[in-house]
Amino acid sequence: MFRTALRNVLAHKARLAMTVLAVMLGVAFVSGTLVFTNTISEAYQKSSAKGFDQVDVAVTPTWDEDKGNTIGKRHELTQALLDKSAGVPGAAHAIGVVSGFTAIADKDGKLIGGGFQSQGGNYYGDKDPRYPLAEGAAPHGANQVAIDSETARRSGYQVGDTVRLSIDGPVLKPVVTGIFTTDDGNVAAGGSLALFDTATAQKLFGKPGTYDEIDVKAAPGTSQTALRAALDKALPAGQVETETGRHLADEQAEMISSSMSGLKQGLLVFAGIALFVGTFIIANTFTMLVAQRTKELALLRAVGASRRQVTRSVLIEAFVVGLVAAVTGLVAGIGIGAGLRSLMGTFGATVPDGPLVVTPGTVGAALAVGVLITMLAAWLPGRRAAKIPPVAAMSSVHAKATTKSLVLRNTLGALFSGAGVAVVLAATTMEGSDGQAPMGLGAVLLIIGVFILTPLLSRPLIAAAAPLMRVFGVSGKLARQNSVRNPRRTAATASALMIGLTLITGMTVMAGSLQKSIDKMASAAVRADYVVSMANGNELSPGVERKLAKVDGVTAVSPLRNAVSRIDGETEFLTGVNGPAIGELTDLKVDSGAFEVGGTRVVVDQETAKSRGWKAGSAFTAHYEDGKAQQLTVSGIYEGNELIRGIMVDTATLDPHLSDLSDMQVMLKTSDGASDATKDRLEKALGSNPAIKVQDKKDLSESIAQMFTLMLNMLYGLLAMAVIVAVLGVINTLAMSVFERSQEIGMLRAIGLDRKGIKRMVRLESLVISLFGGVLGIGLGVFFGWAAGELLGAKMATYELVLPWARMAVFLLLAATVGILAALWPARRAARMNMLAAIKAE
């Protein structure tokens, strides 16, 4: 039986080629994901570990816990603590570390590194062991800076050049005095690092006389553990905490691994979708192979083979196919992993150097996935093959589905579909995350139910295309009849395409609806002509608001300034605003009271007021970070949203209690409204700072649209693999169907149907099956998009369903294109058959 199985594989290698290719693509996706994420993760881990070479023990300040109405404060690392750390027995030296955000503009005025990985710090003394100087000298004074060698290479800066920097808003123009090398992970990932002398760094980052961290290097012969114990004994307990460099490196490696696991899981989900679609092809292929070999299988049964042996022979064939697909998929996946790494460089993302990582786990996963998926998909066809009675098979009487089995299938499908719809509808009535799990369960049940019912649905839906098919004459009529001749086969072929289009349509509906709702929210809640913020989301200096207020034509300006407080023993964040101007800059619906901010009068969003039991006129006591308390009165309650919410307090009331002023955004209104000239004037007032964004409502809408477009394009790219696998399924089914109907095609040729008619028949059959899958997929996708939107709509008052008719038409056109392209080879093969040889074929 083993030899028979191998012979069958070799005898049908052309028919199994598409199955091998489908499984190979799925395995390549899985192994490519594992190789890529493992390679990137190891490269970053090794790079970050080098950054701890000069750290044997790190000393960091602790925070006092919030107690009652007192806000906990962070202890400070002073120069005295630094000197004490350096003098501990076993310490070679100690370095005080200061760090913060620092944006560097290139010579064209553009931000280097995108802003998110742009860091600044201090160069300690004249020779900092952390940053060996490659050129120049250490920075001294407020007008000098040193930059990393990668940033210098990318931007073209040299020693002696003037560079434009920004910490929290205002533009600085120091001179580059030195270029240093570093193993900093942010720089390796494409970021930048600018270093000032210690006093300048402390002043710029708002930490005069203090440090963020003290790094202590052990003397020769002293272990990290011994040095840590000595520091714990010498330094004040409860004010600082210590960690060894080895432990910090391990924590960093674990954090990198954890961050990569999210990317890995996301990619593997899409790989799983492609493999799931591939199971339809495998099951279809083996079902058709078994049907075409009924005489052969019956002969095996007649000469003594048991049912188990027949099933086993089919599974052996599947094992061989899966093994070949897994090995080729693994090789292709390694290539994909290497390609993705190179592709990151093309998009401007820098990855630390390191070898391509192919772990035993990756190899094992690829082989297991390829073999198991193929064998599981082939098990049911193998089981069916063993059930065919030898006499019936020898007489070429194929076992057709009985009425009982059809009723059972349709009943089961109806139950699954009904349960799925009910669970999804129930999930739409739940709040937030509570409905996510039921929504997912309902979606799975509904997809399974529709798949089971697809043979039943195929007849009426394909029959609806009959008027259109009549246009093509005899070829059209034959194509329609052929597509419903074997409903199960049509269902399996169409379902592969249906799943891909369901996901694509559902995500498109959700993204379009969310984009519209956020856009509507931004335009409805904000009256301001411009919103100013840092490009990377960091906080702005209060100097930005003062500069903007002095610009000609600015009629109203207000910051959104965050401050922590304690109210009734709980932490609550306050938003500082310009009381007299905030009403002109926002358009928030007031539920009760008046929108009045000034003195001790504040406005509160509906959700906060409800949770604390406040009404218009309610009074409460806020305890600020300086330890002082003040009674505030709720003048009005407004409807908050994702953009603006919380307790709004006048900055004149709030600022005296804050030690460090910083703004998340600044809103402003101008006399001329939004225009290119006004925007240019505002940007110039801020020094044409690339780290600061000046956006009007149109810019906000475009940035939202850009974000959703990027997300959708990524999802389309990832789901493209599932669509490609579905195309292979259509090709495979048609090719094997043509082989199965060789005698029939020969007879059609003999009675007068020409080669063009044969080609047209096969192409139209493929088109009908693909459009059937497309209609089902788009219909399900719209339903799931609506349901997910209902779940989100409970949290977003501006949410409304948006059906992307143009894109859905494109998806349907895509399904039709899939059908036409998939039929090219099978149609050509059918047309080129010798009619006499085909008539004699069994």
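The coordinates are above.
Rules and cut-offs
- Residues numbered from 1 in each chain as written.
- Predicted model: local features only at pLDDT ≥ 70, side-chain atom pairs only at ≥ 80, totals over all residues.
- Heavy atoms only, no water.
- Helix = DSSP H or I, 4+ residues; strand = E, 2+ residues; numbered from the N terminus.
- Buried < 20%, exposed > 50% of the residue type's maximum accessible area, 1.4 Å probe, protein only.
- Contact = heavy atoms within 4.5 Å.
- Areas by Shrake-Rupley, 256 points an atom, 1.4 Å probe, with all protein chains shown as cover.
- Salt bridge = Lys/Arg side-chain N within 4 Å of Asp/Glu carboxyl O.
- Arc of directions from axis to C-beta.
- Patch = residues over 30% accessible without salt bridge, like charges linked within 9 Å, V, L, I, M, F, W, Y side chains within 5 Å.
- Axes fitted to C-alpha atoms, helices over the stretch in contact; angles between N-to-C directions.
- Parallel < 35°, antiparallel > 145°, perpendicular 65-115°, else oblique.
- Left-handed = near helix turned anticlockwise from the far one by under 90°.
- Pairing = 2+ DSSP bridges.
- Nonpolar A, V, L, I, M, F, W, Y, C, P; charged D, E, K, R; others polar.
- Polar contact = N/O pair within 3.5 Å; in protein donor to acceptor, adjacent residues only side chain to side chain.

Caption draft 1: Main features of the overall build of the protein chain. For the protein chain, the count of helices and strands is 28 helices and 25 strands. Each principal axis of the C-alpha distribution contributes one length, and for the protein chain these read about 100 × 70 × 50 Å. Residues counted as buried form 48% of the 842 residues belonging to the protein chain. Taking contacts inside the protein chain between residues at least 6 apart in sequence as the whole, the part at least 24 apart equals 81%. Of the roughly 38300 Å² that the protein chain leaves accessible, carbon and sulfur atoms contribute 59%.

Caption draft 2: Highlighting the pattern of salt bridges. Scanning the entire structure with this criterion turns up 20 salt bridges. Arg154 is the salt-bridge partner of Glu150, the closest N and O atoms lying 3.9 Å from each other. Of this pair, Glu150 and Arg154 both sit in helix α4 (residues 149-155), separated by 4 residues, roughly a single helical turn. Accessibility expressed as a relative area gives 28% for Glu150, which makes it partly exposed. Among the ionic pairs, Asp212 bridges to Lys207, the shortest N-O distance being 2.9 Å. Residue class for Asp212 comes out buried when judged on its relative accessible area of 15%. One network of salt bridges, with partners in common, ties together Glu545, Arg561, Asp655 and Asp663.

Caption draft 3: Focus on helix α27 (residues 824-831). All of the buried residues in α27 are Pro826, Ala827, Ala830 and Ala831. The buried residues of α27 all sit within an arc of 130° when viewed along its axis, so they share a single face.

Caption draft 4: Highlighting a nonpolar patch on the surface. On the surface, a cluster of nonpolar side chains totalling about 330 Å² of accessible area is made up of Phe319, Leu323, Val327 and Val331. Position of Val327 among the secondary structure elements: in helix α10 (residues 307-346).

Caption draft 5: Broad picture of the packing of helix α24 (residues 742-750) against helix α25 (residues 755-793). In contact at an axis separation of 10 Å, α24 and α25 are set at 140° when each is read in the N-to-C sense. Relative to α25, α24 is oriented oblique. Seen from above, α24 lies across α25 with right-handed handedness. Residue-level contacts link Ile745, Leu748 and Arg749 of α24 to Arg755, Ile758 and Met761 of α25.

Caption draft 6: Here's a closer look at the environment of Ile644. Turning to its location among the elements, Ile644 is positioned in the loop between β22 (629-638) and β23 (647-650). We classify Ile644 as buried; its relative accessible area is 6%. With residues up to four places along the chain from it excluded, the contact list for Ile644 reads Ala525, Val526, Thr586, Leu588 and Tyr638.

Caption draft 7: Summary view of the sheet that holds strand β12 (residues 192-197). The sheet built from 6 strands is open, its strands ordered β4-β6-β12-β8-β11-β7 with mixed pairing. Both outer strands of the open sheet, β4 (99-101) and β7 (133-136), are each paired with one neighbouring strand and no more. Adjacent strand axes in the sheet meet at a mean angle of 30°, parallel and antiparallel pairs treated alike. Note: β4 against strand β6 (residues 118-123), 3 bridges, orientation antiparallel. The residue of β6 that forms the bridge with Phe101 is Gln119.

Caption draft 8: Highlighting the packing of helix α14 (residues 436-463) against α25. Direction vectors running N to C along α14 and α25 enclose 155°, while the axes themselves pass 11 Å from each other. Classed by the angle they form, the pair α14 and α25 counts as roughly antiparallel. Here α14 and α25 pass one another in a crossing that is right-handed. Of the residues in α25, those touching α14 at Gln436, Met439, Ala443, Leu446, Ile447, Val450, Thr454, Leu457, Ser458, Leu461 and Ile462 are Val768, Phe772, Leu776, Leu780, Phe783, Phe784, Ala787, Ala788 and Leu791. Residue composition of the contact of α14 with α25, by class: 17 nonpolar, 3 polar and no charged.

Caption draft 9: The arrangement of the side chain of Ser417 in detail. Turning to its location among the elements, Ser417 is positioned in helix α13 (residues 403-427). According to the relative accessible area criterion, Ser417 is buried, its value standing at 11%. A polar atom in the side chain of Ser417 sits 3.5 Å from the backbone nitrogen of Val450. Among residues more than four places away in sequence, those in contact with Ser417 are Leu445, Leu446, Gly449, Val450 and Leu453.

Caption draft 10: Highlighting the side chain of Thr242. With respect to the secondary-structure elements, Thr242 resides in strand β15 (residues 240-244). For Thr242, the contacting residues outside a window of four places in its chain are Val57, Ala58, Val59, Arg228, Leu231 and Asp232.

Caption draft 11: Representation of the pairing of β22. Across 3 bridges, strand β19 (residues 590-593) lies against β22 in antiparallel orientation. Paired with Gly593 across the strands is Gly636, a residue of β22. Note: strand β20 (residues 601-605) against β22, 5 bridges, orientation parallel. Note that in β22 the partner of Val602 across the bridge is Val634. Inspection of the sheet shows strand β21 (residues 619-623) paired to β22 by 5 bridges, in the antiparallel sense. Residue pairing for β22: His623 is matched across the bridge by Ala629. Adjacent in sequence and paired antiparallel, β21 and β22 are bridged by 5 residues, among which Gly627 carries a positive phi angle near 90°.

Purely spatial values, then, with no claim about function.
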